[in-house]
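# Observations on the model geometry
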Amino acid sequence: MKKVWIRYCACFALLAALLVVLLVWNVRAGSVDFTWGEIIAALLHPTGEGIIWGIRLPRVLAAAILGGALSVSGFLLQTFFANPIAGPFVLGISSGAKLTVSLVMVFLLGRGATAGSLTLIAAAFAGSMLSMGFILLLSRRVKRMSMLVISGVMIGYICSAITDFVVTFADDSNIVNLHNWSLGSFSGTSWDNIRIISLVVFVSLAFTFLLSKPIGAYQMGEVYARNMGVNIRRFRVELILLSSVLSACVTAFAGPISFVGIAAPHLIKGLFRTARPIVMIPACFLGGAAFCLGCDLIARTAFAPTDMSISSVTAVFGAPIVIYLMVSRKGGRMKEES
């Protein structure tokens, strides 16, 4: 038992070190490179107009916090559906949030108004819950998990198609904003956004951590969880709400980001060799943060000064992991619910 916790501590130390390196690297590198002296001076004397303090630091923090939130959301959904490829993007939850946010943005921008942070989060949450509601309704009729995942992908395509129609018929002045947001990006994040993001994400993470014991029991099966005194109906509602809030916050501020919610939890499970929630929740957050920081660094610097879509980069690294999961489980057969 002692060796296990030593390994956990070593893995946490590794993730923390990787996160610090990527944070510093993201601040330093870009279309304009900064020396260590310039970075230290900017941090000691913060001004809202500087590149480091006004542009890069908010973007770096957004990538870290939202990446961690997306990873934890994926872990919760994988626990709920008992399937390793369940995630906000694959199940169409991110696409549902994308649809409602785009509708709200077009409606408000068409009237000369802008959507506030709380409005975007509320719209994204409504879209997430709408998509999740369809998935839950389908789960009553579709018993095979593989078919349920395919249904989620189809729901995501439908939501994305409607979003494309909305963007196509929006005013020319609105198309640029919608197009950039719909591709997924951490650029343009402000310190006001960081305050809202931090509040929503860390409060949700605190509630998620309080559910560590019920999640652990649920992983052993519904019968075991009931015998341990878990209210299954209430627990499922809490799990859905928390995963939807986390993924909605990501979509509201950064747009839809693919594969992080699947790839990061799987990589963390392989690193820690456990699925214990008390370990996985903070580890998934750190792993998702590092994953998104690394992908955002590539998105910013690969073709600088042009920024790539963050989803394009996460798909390059995340999609192979999903393919591996699909073909490695019992000869490519997905786990089915009885």
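Residues numbered from 1 in each chain as written. Predicted model: local features only at pLDDT ≥ 70, side-chain atom pairs only at ≥ 80, totals over all residues. Heavy atoms only, no water.

This brings us to the overall build of the protein. Along the backbone of the protein there are 14 helices and 0 strands. Along the chain direction, N to C, the helices and strands of the protein fall in the order α-α-α-α-α-α-α-α-α-α-α-α-α-α. Taken over 338 residues, the protein has a buried fraction of 50%. (Helix = DSSP H or I, 4+ residues; strand = E, 2+ residues; numbered from the N terminus. Buried < 20%, exposed > 50% of the residue type's maximum accessible area, 1.4 Å probe, protein only.)

Turning next to empty space enclosed by the protein. Under the criterion given, the structure shown has 1 cavity of 30 Å³ or more. By volume, the largest cavity amounts to about 40 Å³. No other element matches the 3 residues that helix 12 (residues 260-272) contributes to the lining of the largest cavity. A per-class count over the lining of the largest cavity returns 8 nonpolar, 3 polar and no charged. (1 Å grid on protein atoms, 1.4 Å probe; cavity = no way out; pocket = protein on both sides within 12 Å on 5 of 7 lines; lining within 4 Å. Points joined across faces, edges and corners; volume = space filled by probe spheres on them. Nonpolar A, V, L, I, M, F, W, Y, C, P; charged D, E, K, R; others polar.)

Structurally, the position occupied by S243 is in helix 11 (residues 232-254). Dropping the residues within four chain positions of it, S243 is found in contact with S73, L76, L77 and M132. (Contact = heavy atoms within 4.5 Å.)

The N-to-C vectors of helix 1 (residues 2-28) and helix 12 enclose an angle of 135 degrees; their axes lie 10 Å apart at closest approach. One way to sum up the angle between helix 1 and helix 12 is to call them oblique. Every residue of helix 12 that contacts helix 1 at R7, Y8, C11, F12, L14 and L15 is listed here: I268, L271 and F272. Looking at the contact of helix 1 with helix 12, its residues break down into 8 nonpolar, no polar and 1 charged. (Axes fitted to C-alpha atoms, helices over the stretch in contact; angles between N-to-C directions. Parallel < 35°, antiparallel > 145°, perpendicular 65-115°, else oblique.)

Inspection of every chain in the model, using the stated rule, returns 7 aromatic pairs. Measuring from ring centre to ring centre gives 5.1 Å for W5 and Y8, while their planes differ by 85 degrees; the resulting arrangement is edge-to-face. Of this pair, W5 and Y8 both sit in helix 1, separated by 3 residues, roughly a single helical turn. The exposure class of Y8 is buried, given its relative accessible area of 3%. (Phe/Tyr/Trp six-rings, centres within 6.5 Å; stacked < 30°, edge-to-face > 60°.)

An α-helix turns once per 3.6 residues; consequently, residues spaced three or four apart project the same way. Taking 1.5 Å per residue as the helical rise, helix 13 (residues 277-301) with its 25 residues ought to reach 36 Å, and the 35 Å between its terminal C-alpha atoms agrees with that figure. Counting buried positions along helix 13 gives 21 out of 25 residues, so the element sits mostly inside the fold. (Expected span 1.5 Å × (residues − 1).)

A few words on the environment of F259. Locating F259 in the fold gives a position in the loop between helix 11 and helix 12. Each C-alpha atom of the pair F259 and V90 lies 7.6 Å from the other, and the pair is 169 residues apart in sequence. Once residues lying within four places of it in the same chain are set aside, the contact partners of F259 are F89, T314, A315, G318, A319 and V322.

Under the criterion given, the structure shown has 6 salt bridges. Here D192 makes a salt bridge to R195, at a shortest N to O gap of 2.6 Å. With D192 and R195 both in helix 8 (residues 191-210) and 3 residues apart, the pair spans about one turn of that helix. R195 shares its class with D192; the two are exposed. Taking the shortest distance from any N to any O, the salt bridge between R236 and E222 comes out at 2.1 Å. Linking R236 in helix 11 with E222 in helix 10 (residues 222-227), this pair joins segments that are 14 residues apart in sequence. A relative accessible area of 29% places R236 in the partly exposed class. (Salt bridge = Lys/Arg side-chain N within 4 Å of Asp/Glu carboxyl O.)

Another point: a nonpolar patch on the surface. A surface patch of nonpolar side chains, about 490 Å² in accessible area, is lined by V20, V24, W36, I40 and L44. Per element, the largest residue contribution to the nonpolar patch is 3 residues, and it comes from helix 2 (residues 36-44). Tracing the backbone shows I40 in helix 2. With relative accessibility at 49%, the residue I40 sits in the partly exposed group. (Patch = residues over 30% accessible without salt bridge, like charges linked within 9 Å, V, L, I, M, F, W, Y side chains within 5 Å. Areas by Shrake-Rupley, 256 points an atom, 1.4 Å probe, with all protein chains shown as cover.)

A few words on unusual backbone geometry. A positive phi angle, close to 70 degrees, is found at F259, a residue other than glycine. The phi dihedral of R273 is positive, around 60 degrees, even though this residue is not glycine. Along the chain, R273 turns up in the loop between helix 12 and helix 13. Judged by its relative accessible area of 65%, R273 is exposed.

One way to put it is that helix 1 packs onto helix 13 with a least axis distance of 9 Å and a crossing angle of 25 degrees. Judged on the interaxial angle alone, helix 13 and helix 1 are roughly parallel. Taken as a pair, helix 1 and helix 13 cross one another with a handedness that is left-handed. Only V279, P282, A283, L286, G287, A289, A290, L293, G294, D296, L297 and R300 of helix 13 make contact with helix 1, whose side of the interface consists of W5, Y8, F12, L15, L18, L19, L22, L23, W25 and N26. Residue composition of the contact of helix 1 with helix 13, grouped by class: 17 nonpolar, 3 polar and 2 charged. (Left-handed = near helix turned anticlockwise from the far one by under 90°.)

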